[in-house]
Amino acid sequence: MKIFFLTPVFFLCGIAIISCVGQKKPAYIPVPPNDYFITEKNNVNIDPGSIIETKTGASAKNLPSWLSAYINGGNEEIEKISAYYGKYVFIGNNEGINFTAMNIWADNFSAVKDFSILAAERIEKRMISAAYLYPDNEYGLFFETMVKKAYNAVYTGAVKEDTYWIKMKTRQENDSMEANTEIYNFFVLISIDKMTMQAIINDLIAESLSIVTPTAEQKDSINRLRQNFFLRF
């Protein structure tokens, strides 16, 4: 069973720093490649033509509007729907061949416990997309501190709006041959009021800043992030 969340956790690779003996600052910090900052709108590659069954019937034409929007453009498209005006939306996703196991996962998905993973991944992604350098260099210890706090935070006000599943036919290679496989994709829609989420994140930023000592350059980057955090969140 594989579990996916709307957005993947970022695994940051170590970087080489060229420095001279006795220098307090690295002489060179490489700028990440352009694809390091690419924002993936959707971690789930779904071809509507491969859908053979859904929670509400055999046709993909009856998908709920939020799931159709997600398939076409990710969370950003869902948030354009009038029903979710003033809210941030998040999708929990799980896929597998065992319908019962998938259904239990969806039923037990918690808007309190499990949502923190979705929220933290989105917060981490925003911090990375706002950085000019690798975030460990851009923000110093603030980056690690903020991410850890985001994963451990309680996001009061998060609501489990809906769940939905689809059954897809996929092609997989097996012993140099392709075979058709049927797989279930389950989705959980979580929403939270924008003002509530922003207040929580602002508190996390303030708490993180209170326990780290960034350099002057890092503090400038953190302040810039703080001022523009929600422009592309």
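Before any of the text, the structure's been laid out above.
What counts and what doesn't
Residues numbered from 1 in each chain as written. Predicted model: local features only at pLDDT ≥ 70, side-chain atom pairs only at ≥ 80, totals over all residues. Heavy atoms only, no water. Helix = DSSP H or I, 4+ residues; strand = E, 2+ residues; numbered from the N terminus. Expected span 1.5 Å × (residues − 1). Buried < 20%, exposed > 50% of the residue type's maximum accessible area, 1.4 Å probe, protein only. Contact = heavy atoms within 4.5 Å. Core = buried A, V, L, I, M, F, W, Y, C linked by side-chain atoms within 4.5 Å. Arc of directions from axis to C-beta. Polar contact = N/O pair within 3.5 Å; in protein donor to acceptor, adjacent residues only side chain to side chain. Lys, Arg positive; Asp, Glu negative; His and termini not counted. Salt bridge = Lys/Arg side-chain N within 4 Å of Asp/Glu carboxyl O. Phe/Tyr/Trp six-rings, centres within 6.5 Å; stacked < 30°, edge-to-face > 60°. Lys NZ or Arg CZ within 6 Å of the ring centre and 35° of its normal.

### A look at helix H6 (residues 141–152)
Reasoning step 1: Between its first and last C-alpha, H6 extends 17 Å over 12 residues, near the 16 Å set by a 1.5 Å rise per residue.
Reasoning step 2: Taken as a whole, H6 has its buried residues at Phe142, Phe143, Thr145, Met146, Val147 and Ala150.
Reasoning step 3: Where H6 is buried, its residues touch helix H4 (115–129), helix H5 (135–139), helix H7 (194–209) and helix H8 (216–228).

### Concerning the nonpolar core
Reasoning step 1: By size, the foremost hydrophobic cluster in this structure holds 41 residues, and its most contacted members are Ile123, Met127 and Tyr155.
Reasoning step 2: Elements with a minimum of two residues in this core: strand S3 (87–96), helix H3 (99–108), H4, H6, strand S5 (177–193), H7 and H8.
Reasoning step 3: Ranked by the residues each element gives to this core, the list is headed by H4, at seven residues.
Reasoning step 4: Contact partners of Met127, with chain neighbours within four places excluded, come to Tyr139, Phe142, Phe143, Met146, Val147, Leu225 and Phe229.
Reasoning step 5: Counting residues in each nonpolar core, the second largest holds 18 residues, with Trp66, Ala69, Ile78 and Tyr84 among its members.

### So, the environment of Thr156
Reasoning step 1: Mapping Thr156 onto the fold places it in the loop between H6 and strand S4 (159–174).
Reasoning step 2: For the pair Thr156 and Val112, spaced 44 residues apart in sequence, the C-alpha separation works out to 7.4 Å.
Reasoning step 3: The residues touching Thr156, leaving out its near neighbours within four places in the chain, are Ile192, Thr196 and Ile200.

### Considering H7
Reasoning step 1: Here H7 is 16 residues long and its end C-alpha atoms lie 22 Å apart, about the 22 Å a rise of 1.5 Å per residue gives.
Reasoning step 2: Those residues of H7 not exposed but buried are Met197, Ile200, Ile201, Leu204, Ile205 and Ser208. Take H7 and look down its axis: the buried residues cluster within an arc of 140°, on one side only.
Reasoning step 3: Taking the backbone nitrogen of Met195 as reference, a side-chain oxygen 3.1 Å away marks Asp193 as the first, capping residue of H7.

### A few points about the side chain of Arg126
Reasoning step 1: With respect to the secondary-structure elements, Arg126 resides in helix H4.
Reasoning step 2: It turns out Arg126 is buried and unbridged, and the closest side chain with the opposite charge, Glu138, is 10 Å from it.
Reasoning step 3: A polar contact of 2.8 Å, which involves the side chain of Arg126, links it to the backbone oxygen of Phe229.
Reasoning step 4: Those residues in contact with Arg126 that lie beyond four places of it in its chain are Leu225, Asn228, Phe229, Arg232 and Phe233.

### With respect to the packing of aromatic side chains
Reasoning step 1: Taken as a whole and assessed by the stated rule, the structure comprises 15 aromatic pairs.
Reasoning step 2: Residues Phe115 and Tyr155 carry aromatic rings whose centres are separated by 5.5 Å and whose planes lie at 85° to one another, so their mutual orientation is edge-to-face. Separated by 40 residues along the polypeptide, Phe115 in helix H4 and Tyr155 in the loop between H6 and S4 bring together distant segments of the chain.
Reasoning step 3: Their ring planes at 65° and their centres at 6.4 Å tell us that Tyr139 and Phe142 sit as a pair that is edge-to-face. The same class applies to Tyr139 and to Phe142, which are both buried.
Reasoning step 4: Among the aromatic side chains, those forming a connected cluster through ring pairs are Tyr88, Phe229, Phe230 and Phe233.
Reasoning step 5: The ring of Phe90 carries the charged tip of Arg122 above its face, separated from the ring centre by 4.6 Å.

### Looking at the environment of Lys55
Reasoning step 1: For Lys55, the position within the fold is in the loop between strand S2 (51–54) and helix H1 (65–73).
Reasoning step 2: Each C-alpha atom, one on Lys55 and one on Phe186, is 9.6 Å from the other, the two residues being 131 residues apart in sequence.
Reasoning step 3: Apart from residues no more than four positions distant in its own chain, Lys55 is found in contact with Thr163, Tyr164 and Trp165.
Reasoning step 4: Within the structure, Lys55 has its side chain in polar contact with the backbone oxygen of Thr163 (distance 3.1 Å).

### What about the pattern of salt bridges?
It is possible for side chains bearing opposite charge to pair when their charged atoms get close.
Reasoning step 1: If you walk through the whole model with that rule in mind, you get eight salt bridges.
Reasoning step 2: A salt bridge links Glu79 to Arg122, with the nearest nitrogen and oxygen atoms 3.0 Å apart. With Glu79 in the loop between helix H2 (75–78) and S3 and Arg122 in helix H4, the pair connects residues that are 43 residues apart, well separated along the chain.
Reasoning step 3: Residue Glu79 is classed as buried on the basis of its relative accessible area, which comes to 17%.

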